[in-house]
Every structure is written in structure tokens, then in C-alpha cells.
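The primary structure of each chain is shown beneath.
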Amino acid sequence: MESQALPSTLRPLRGIPPWLRIGILLVFLAALPPFIGNYWTHVLAYIGIYVMLGIGLNVVVGFAGLLDLGYVAFYAIGAYTYALLASPKFGIHIPFWAMLPVCVALAALGGTLLGIPVLRMRGDYLAIVTLGFGEIIRIVMNNLDSITNGPKGILRIDPAAIGGFKFTTPTHYYYLILVGCILSAFVADRLNNSRIGRAWIAMREDQDAAALMGIHILRYKLLAFTIGASFAGIGGIIFAARQGSIFPDDFSLMVSINVLCLIIIGGMGSIPGVILGAVVLIGIPEVLRAVAIYRMLAFGALLIIMMIFRPSGFIPSARRRLELKEET
Amino acid sequence: MELLKVEDIHTYYGSIHALQGISLRVMEGEIVTLIGSNGAGKTTTLNTISGILKPRKGAVYFQGERIDPLRPHQIVAKGVCQSPEGRKIFTRLTVQENLEMGAFIRTDSEGIRQDLDRVYQLFPRLRERRRQVAGTLSGGEQQMLAIGRALMSRPKLLLLDEPSMGLAPVLVETIFDIISDINRQGNPILLVEQNALMAFLIAHRGYVIQSGRIVLEDSVENLQENEMVRKLYLGEEIET
């Protein structure tokens with residue numbers, strides 16, 4: 001991961017090689033559940049789902065520079081696909097491990113379908129169309145009673161199972177999600193350092209110049225939407241299996257906004273940033289339950305303070321840090 | 001041998017008829033310059049050749065093959081690479097990353113390394129600053145980078161859009177010397193310029209563009225003698 005230039009918050013870690021840093025973090029996370037109890041394990045797993053969503057949206061927004069406000073749609077596609085084919089709704093019970101690639105593929109397909117009409121759009125226009133797309137998917141789920149049960153949702157979804165092992169407790173899901181996060185982070189990191197990643201950087205920097213370098217703009221935009229969406233597919237299927245029931249309201253605009261927020265707070269384009277962003281954005285409201293009615297107020301204030309004092313996020317990517325410096 | 005043939009192209013911006021039938025050709029080994037004032041259609045011509053704009057009428061041939069229906073990245077792959085107006089370097093990438101981006105379509109890492117070396121030989125300043133973020137370079141260095149980046153695709157035809165723009169006269173001379181060197185190393189060049197004086201020093205042939213039309217085409221020697229060219233583009237007082 002982008003460790004060559006650590007921001008000031010992480011400076012004490014500079015002496016430790018990145019692989020060791022990641023290793024220690026993983027061992028710590030893996031050892032955590034017995035010490036924190038079911039409730040916090042549950043909260044951490046929930047954060048983990050947002051980490052996956054954040055990593056996926058970060059591919060679109062952070063790497064490729066395309067503002068997508070309808071990301072929740074792909075999460076919904078992943079979740080509903082599993083819910084419909086692994087619940088009593090139609091009496092179909094396809095196993096979780098077999099559905100995993102299906103959900104990823106369908107979410108990716110959704111990304112491609114959204115990508116095609118918006119290929120020639122930039123900036124604000126792109127944001128509005130993607131926002132509409134996200135809402136359309138939710139409204140369809142809400143109104144397609146005969147298939148999705150509408151607002152009554154889909155209940156008694158099969159729990160996740162791999163081989164003979166059934167995931168039942170919060171701890172089981174915690175580990176499943178942890179593995180999902182590790183894989184997502186790994187894939188995203190590889191992508192960022194690949195030829196595709198370089199094409200995205202060029203495109204984000206200057207689309208016209210990128211085209212003159214021989215970069216097929218339409219293909220790489222579509223690729224960003226498709227790949228980004230597939231991460232949400234994994235998030236969706238795990239979410240559905242873990243909850244056991246899903247409703248259209250689980251896929252509201254707020255999810256897209258939250259995921260975008262956590263990327264901005266964490267540091268756009270940076271994978272460690274996205275992870276920390278999810279911990280802060282999803283975790284802090286839980287911590288703030290103590291102050292009950294002032295919870296959202298305190299949370300909002302925190303976000304504002306954060307944006308004033310650290311506009312480039314907690315752990316900005318080295319490149320993004322430059323971009324922001326230039327703008328301010 | 002004929003490398004590039006532009007045949008009667010008409011390009012529009014919406015309803016604005018920007019190019020009204022441009023024809024020109026570039027032969028193997030040549031530097032051809034296209035001179036004209038602001039808004040005459042110089043950049044539009046280059047962008048039509050690069051495939052960024054599509055002509056509504058007419059055709060562009062490269063090595064005998066029609067390229068105007070192709071997309072920009074396909075045209076780069078054919079061997080036509082442009083150093084755009086205003087340089088358009090990737091300001092947040094380092095000098096070396098910019099150059100590597102120029103070689104995006106290539107996969108021969110050995111050849112890329114050689115060309116990187118070649119660019120650094122042409123522009124020693126870029127080698128000194130290879131780890132520097134490109135946005136912090138001076139205007140002249142950025143222009144060098146834009147030309148170097150275009151060379152990294154190992155083009156068969158190099159299109160240069162106003163390399164003199166915004167540069168001090170001394171720097172313009174340096175850059176034009178290098179353009180001439182690049183040509184002597186075997187690269188044909190189509191050079192778009194407002195600075196006719198400089199362009200004529202290194203080019204072999206030239207075209208004069210006015211309001212989207214080619215009004216004059218000749219060898220540089222003859223163009224320099226032409227009264228209209230001297231008056232309009234070389235800024236000379238002509239005694240009558």
C-alpha cells in the first residue's frame with residue numbers, strides 16, 4: 001500500500017516496514033472478537049461492510065476520478081440477488097459460495113450498464129445521473145411487489161455457508177467480512193499499481209491528454225464502473241446473508257452518501273484512508289450512543305471540524321495530497 | 001513518400017464551420033509547418049488529425065490508410081502522436097511518470113527504456129528533474145516534457161501544437177533547435193505555429209491557414225519571399 005509517504009498522523013510508524021505494519025494490524029483484528037463481546041464484534045463487522053463498499057467506490061471516485069452518487073445500487077443488486085435465490089421467497093436455496101460469483105457478476109454488469117449511458121459525461125452531470133440510477137434501483141425494489149415483496153422486504157434469507165460450515169454467530173461473520181476486506185484491499189491495491197491504474201490516473205489528471213497518450217478513455221471509464229461495482233456485489237451478498245432479511249430502505253441514498261463521506265474523510269484514493277474513514281464514520285455514531293439525542297449533532301459537528309482542519313483526509317494518498325495543496 | 005494526407009476536411013463545433021476544406025500533406029522526413037493567427041483553425045486541424053474531433057466531410061490518410069473514422073487511441077497506435085497546445089502535461093505526476101505515460105500503448109520495456117534515455121539526451125533538464133512533480137517545472141521545461149512525452153510513443157509522425165507559446169525567446173530557440181534535431185534523427189513533424197519567424201527557420205515546407213482555409217502552400221524559401229506572409233506573419237513593413 002502507499003506507504004512511501006506517511007502523513008503526520010502515522011509518523012511514529014515510519015520505522016516499521018509496511019508488510020509488518022499490515023501483519024500486526026491483521027493479527028490484532030483477528031484476535032479481537034473474544035475480548036470485545038458480541039455487540040462490538042457486530043459493530044466492527046458492520047464497519048467492515050462499509051470498508052468493502054468504500055474500497056469499491058474509491059476505485060471509481062478516488063482512482064478514476066468519476067463522481068458516482070448511486071453506488072448503493074450495486075450493493076442492492078448484490079444483496080437482492082442472493083436474497084431472491086437463497087430464501088423461501090421462491091423456495092430456491094442456492095448455496096452462498098455459489099452465489100458469491102453470481103452476485104459479483106451481476107453487480108459488475110449493473111456497473112457496466114450504468115457506465116454506458118454516462119460515458120461522455122463529466123463532473124456534475126455524471127453525479128446527477130448516477131444519483132438517479134441509485135434511486136431507481138431502490139424504487140424498483142420498493143415497487144416490484146411480486147418479486148421483491150416491496151417494502152415488506154425479503155425474510156429468512158439463508159445464512160452464509162462455505163462447504164459444510166455455516167456462519168451463524170457475529171464472530172463468524174466478523175471473520176468472513178475481515179477476509180472480504182483483506183481481499184478487497186489487496187485487489188484494489190494491485191489495480192492501483194497496474195497498467196489500468198495508470199490509465200485511470202492519466203484520465204483523472206487530464207482526460208484529453210490521456211486520450212492523446214493512446215488511452216482508450218471509454219474503455220477505462222467503463223472498467224472503473226464495472227470493477228468498482230463488483231466490490232459492492234460482495235458487500236451486498238454478505239450483508240444479506242448476515243442480516244437474514246433485507247428491505248428497500250437498507251439501500252437508500254444515505255448509504256451512497258455515507259460511503260462517499262468515508263472516502264473523503266479517510267483520504268481519497270488511499271486504501272488505508274478508506275479503512276480508517278469507515279471506522280470513524282460508521283464507528284463514531286455507535287460510540288456516541290452515550291449522548292443519545294445529541295448523537296447526530298455531535299457527529300455532524302465532528303465532520304465539519306474534520307473537513308476544516310484536515311481537508312485531504314486522515315491518510316491521503318501521496319498524489320491526492322498534492323492535488324489538494326494546489327487547490328488551496 | 002507520402003506519410004500524411006489530409007483531404008478537404010470540414011470540421012464543425014456545433015454549428016460553427018471551423019475548418020472549411022483543409023488539405024495538406026506531410027512527406028517522410030519533412031518538417032511541415034502550419035502557420036496562422038489565433039482562431040484560424042490550426043489546433044482544430046491537429047485535433048481532427050488526432051481523432052479528438054471528427055470531420056463532417058473529407059478524409060485523413062496516414063501511410064495510405066484512412067484514419068479519420070478511428071478513435072484517438074487507435075490513431076496513436078498507428079503512429080501519430082500529438083504534443084497538445086498549452087502542453088497539457090500531467091501536473092501532479094513526476095517528470096518520469098509523465099514520460100512513462102507517453103509510452104502507455106507500448107509493452108516493450110527495453111525499447112521504452114531506450115526511448116526514455118533518448119528523451120533525456122535531447123532534454124538534459126528533464127533528466128535532472130525526473131523525480132520532480134511536473135507542475136513545478138518552468139514553462140519551457142513543461143514544453144520539453146510535452147514534446148518528450150509525445151516522443152515516448154515512438155511516433156512515425158509527430159504533431160506539435162505551438163511549442164513556442166508563452167516562452168521567452170531564448171527558450172523558443174532552444175526548443176526549436178531540439179525539434180530540428182528530432183527531425184534529423186528521422187522523425188517527420190507537423191509543426192503548428194503562430195511564430196512564423198521561428199517555424200520558417202527549421203521547416204521545409206509550409207501552409208498558411210486563414211479562417212479555416214489554406215490560403216497558401218509553398219516551400220519555406222518561397223513563403224519567406226511572399227509579400228502577404230511577410231506583412232501578416234513576419235511583421236515586416238512593406239514599402240509600396
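Rules and cut-offs
- Residues numbered from 1 in each chain as written.
- Chains lettered and ligands numbered in written order.
- Predicted model: local features only at pLDDT ≥ 70, side-chain atom pairs only at ≥ 80, totals over all residues.
- Heavy atoms only, no water.
- Helix = DSSP H or I, 4+ residues; strand = E, 2+ residues; numbered from the N terminus.
- Rg over C-alpha atoms; globule rule 2.2 N^0.38 Å.
- Buried < 20%, exposed > 50% of the residue type's maximum accessible area, 1.4 Å probe, protein only.
- Contact = heavy atoms within 4.5 Å.
- Areas by Shrake-Rupley, 256 points an atom, 1.4 Å probe, with all protein chains shown as cover.
- Buried area = accessible area lost by both parts, 1.4 Å probe.
- Salt bridge = Lys/Arg side-chain N within 4 Å of Asp/Glu carboxyl O.
- Polar contact = N/O pair within 3.5 Å; in protein donor to acceptor, adjacent residues only side chain to side chain.
- Core = buried A, V, L, I, M, F, W, Y, C linked by side-chain atoms within 4.5 Å.
- Patch = residues over 30% accessible without salt bridge, like charges linked within 9 Å, V, L, I, M, F, W, Y side chains within 5 Å.
- Phe/Tyr/Trp six-rings, centres within 6.5 Å; stacked < 30°, edge-to-face > 60°.
- Pairing = 2+ DSSP bridges.
- Expected span 1.5 Å × (residues − 1).
- pLDDT = per-residue confidence, 0-100.
- Axes fitted to C-alpha atoms, helices over the stretch in contact; angles between N-to-C directions.
- Parallel < 35°, antiparallel > 145°, perpendicular 65-115°, else oblique.
- Left-handed = near helix turned anticlockwise from the far one by under 90°.
- Nonpolar A, V, L, I, M, F, W, Y, C, P; charged D, E, K, R; others polar.

Chemist: Any details on the overall build of chain A? Residues and values, ideally.
Modeler: In terms of regular secondary structure, chain A is built from 14 helices and 4 strands. Rg of the C-alpha trace for chain A: 20 Å, near the compact-globule value of 20 Å for 328 residues, within the 12% margin. Overall size of chain A, expressed as C-alpha extent along the three principal axes, is 55 × 50 × 40 Å. Counting the 328 residues in chain A, one finds 51% classified as buried. For chain A, restricting intrachain contacts to residue pairs at least 6 apart in sequence, the fraction spanning at least 24 positions comes to 75%. Summed over its atoms, the accessible surface of chain A is roughly 14600 Å², and 71% of this surface lies on carbon and sulfur atoms.

Chemist: An account of the interface of chain B and chain A is requested, with residue identities and associated values reported.
Modeler: Contacts between the two partners involve 23 residues from chain B, matched on the other side by 24 residues from chain A. Each partner contributes to the roughly 2200 Å² buried at the junction of chain B and chain A, and carbon and sulfur atoms together form 62% of this total. Area buried by chain B at its contact with chain A is led by B:Phe90, B:Arg92 and B:Phe104, which between them contribute 37% of it. Between the two partners, chain B and chain A, sit 2 salt bridges. Among the ionic pairs, A:Glu205 bridges to B:Arg92, the shortest N-O distance being 3.9 Å. Taken together, chain B and chain A are joined by 4 residue pairs in polar contact (both at pLDDT 80 or more).

Chemist: Give me the nonpolar core: which residues, what numbers.
Modeler: Within the largest apolar cluster, 99 residues are counted, with the highest numbers of intra-cluster contacts made by A:Tyr82, A:Trp200 and A:Ile246. The element that contributes the greatest number of residues to this core is helix H2 (residues 33-63) of chain A, accounting for 14 residues. In this structure A:Tyr82 touches A:Ile94, A:Phe96, A:Met99, A:Cys103, A:Ile157, A:Asp158, A:Pro159, A:Ala160, A:Ile237, A:Ala240 and A:Ala241, once residues within four positions along its chain are discounted. Residues B:Ala103, B:Tyr120, B:Val208 and B:Leu234 belong to the second largest nonpolar core, which totals 46 residues.

Chemist: I'd like a description of a nonpolar patch on the surface, backed by residues and values.
Modeler: Taken together, the side chains of A:Phe90, A:Ile92, A:Ile136, A:Val140, A:Leu144 and A:Ile147 define a hydrophobic patch exposed on the protein surface, amounting to about 460 Å² of accessible area. Looking at where A:Phe90 falls in the secondary structure, it is placed in the loop between strand S1 (86-87) and strand S2 (92-93).

Chemist: So what's going on with the side chain of A:Ser87? Which residues, and what values?
Modeler: Residues and elements named next belong to chain A. Topologically, Ser87 is positioned in strand S1. Taking the relative accessible area as the measure of exposure, Ser87 reaches 0% and is therefore buried. Not counting chain neighbours up to four residues away, the residues in contact with Ser87 comprise Ile92, His93, Ile154, Leu155, Arg156, Ile157 and Asp158.

Chemist: Kindly report on the pattern of salt bridges, identifying the contributing residues and their values.
Modeler: All names here are of chain A. Tallied over the entire structure, the rule returns 17 salt bridges over all chains. With a shortest N-O distance of 3.0 Å, Glu135 and Arg138 are connected by a salt bridge. On the criterion of helical spacing, the pair formed by Glu135 and Arg138 is a turn pair, its members being 3 residues apart in helix H5 (residues 123-143). Taking relative accessible area as the criterion, Glu135 reaches 21% and is therefore assigned partly exposed. Look at Arg138 and you get buried, because its relative accessible area is 17%.

Chemist: Can you break down the packing of aromatic side chains residue by residue, with the values?
Modeler: Residues and elements named next belong to chain A. What the rule picks out here adds up to 14 aromatic pairs over all chains. An angle of 50 degrees between the planes, with centres 5.3 Å apart, marks the rings of Tyr75 and Phe239 as tilted. Linking Tyr75 in helix H3 (residues 72-85) with Phe239 in helix H10 (residues 217-243), this pair joins segments that are 164 residues apart in sequence. The two residues Tyr75 and Phe239 agree in class, both being buried.

Chemist: For the sheet that holds strand S5 (residues 65-66) of chain B, give the residues involved together with the corresponding values.
Modeler: Strand order in the open sheet made by the 4 strands is S2-S1-S4-S5 (chain B), with antiparallel pairing throughout. The two strands at the open ends of the sheet, each matched to only one other strand, are strand S2 (16-27) and S5 of chain B.

Chemist: Explain H10(A) to me, and be specific about the residues and the numbers.
Modeler: Residues and elements named next belong to chain A. Spanning 27 residues, H10 covers 39 Å between terminal C-alpha atoms, matching the ideal 39 Å at 1.5 Å per step. For H10, the tally of buried residues reaches 22 of 27 residues, placing the bulk of the element in the interior. Among the residues trailing H10, Gly244 stands out with phi positive, at a value near 80 degrees.

Chemist: How would you summarise the confidence of the model for chain B if you had to cite specific residues and measurements?
Modeler: The predicted coordinates should not be examined in detail at positions where pLDDT is low. Looking at chain B, pLDDT values average 94 and 98% of them are 70 or higher. Across the assembled chains, the prediction reports ipTM 0.86 with pTM 0.87.

Chemist: Kindly report on the packing of H2(A) against helix H12 (residues 271-287) of chain A, identifying the contributing residues and their values.
Modeler: Residues and elements named next belong to chain A. For the pair H2 and H12, the least separation of the axes is 8 Å and the interaxial angle reads 140 degrees. Here H12 runs oblique to H2, going by the angle between their axes. Seen along the crossing, H2 lies across H12 with a hand that is right-handed. Taken together, the residues of H12 that come into contact with H2 (itself represented by Tyr39, Trp40, Val43, Tyr46, Ile47, Tyr50, Val51, Gly54, Ile55, Asn58 and Phe63) are Ile271, Val274, Ile275, Ala278, Val279, Ile282, Gly283, Glu286 and Val287. Among the residues forming the contact of H2 with H12, the class breakdown is 16 nonpolar, 3 polar and 1 charged.

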